[in-house]
Amino acid sequence: MTAREALAFIEKHGIVLVSAKGPVPRLTEALAGEAIKGSWWAHPKSHQIFGVLQAVARSEDVLTCRLVNGKVTLVHSRLWPALVRTANRFSKDQLAKVWDEHTPSGRHASRKVAFPKWVPEAVMRRAQKMGEVEALAALGPWAK
């Protein structure tokens with residue numbers, strides 16, 4: 001699966017987990033083309049999976065957060081208005097934009113942008129026009 005195909009997968013499902021088990025699909029398993037037992041880092045396609053995950057994380061159409069069960073979650077931009085409309089159902093930590101980066105010393109550092117600072121103004125306007133029932137339906141059964 002290419003980065004473009006992975007983005008289409010995220011758009012189709014709207015909300016996916018990167019690798020954790022949960023009530024929504026896992027992107028790493030879609031990339032591997034099979035269920036992954038244990039860590040995806042040990043999978044024969046781990047280098048390809050890593051590259052595609054990096055490309056997806058750079059996409060302006062994908063929010064990386066910890067929405068589903070506190071696990072790393074990818075949310076396609078088509079669902080951002082619904083997410084903003086139902087924000088009162090989630091904690092600020094679940095809605096924060098998160099990412100890891102390498103520091104000059106080579107260590108990983110976790111970064112985040114608090115909700116709603118990451119939300120584009122156009123998304124805020126669309127969210128204000130959306131009803132809660134419509135927003136919850138868009139997010140799917142896991143959000144109810």
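Refer to the preceding data block for the structure.
No experiment lies behind these values; they were computed from the predicted model shown.

Participant: Can you help me understand the overall build of the protein chain in this one?
Facilitator: Broken down by element type, the protein chain carries seven helices and five strands. Listed N to C, the secondary structure of the protein chain is α-β-α-α-β-β-α-α-β-β-α-α in terms of helices and strands. Rg of the C-alpha trace for the protein chain: 15 Å, near the compact-globule value of 15 Å for 144 residues, within the 12% margin. In terms of principal-axis extent, the alpha carbons of the protein chain reach across some 45 × 35 × 25 Å. Within the protein chain, buried positions represent 43% of all 144 residues.

Participant: Could you clarify how one ought to interpret the packing of aromatic side chains in this entry?
Facilitator: For any two aromatic rings, the description comes down to two numbers: the centre-to-centre distance and the angle of the planes. Considering all chains together, one arrives at five aromatic pairs under this definition. Note on Trp-40 and Trp-41: the rings are 4.3 Å apart at their centroids and 25 degrees apart in plane angle, and the pair reads as stacked. Of the aromatic side chains, those joined through ring pairs into one cluster are Trp-40, Trp-41 and Phe-50.

Reading the values: rules and limits
Residues numbered from 1 in each chain as written. Predicted model: local features only at pLDDT ≥ 70, side-chain atom pairs only at ≥ 80, totals over all residues. Heavy atoms only, no water. Helix = DSSP H or I, 4+ residues; strand = E, 2+ residues; numbered from the N terminus. Rg over C-alpha atoms; globule rule 2.2 N^0.38 Å. Buried < 20%, exposed > 50% of the residue type's maximum accessible area, 1.4 Å probe, protein only. Phe/Tyr/Trp six-rings, centres within 6.5 Å; stacked < 30°, edge-to-face > 60°.

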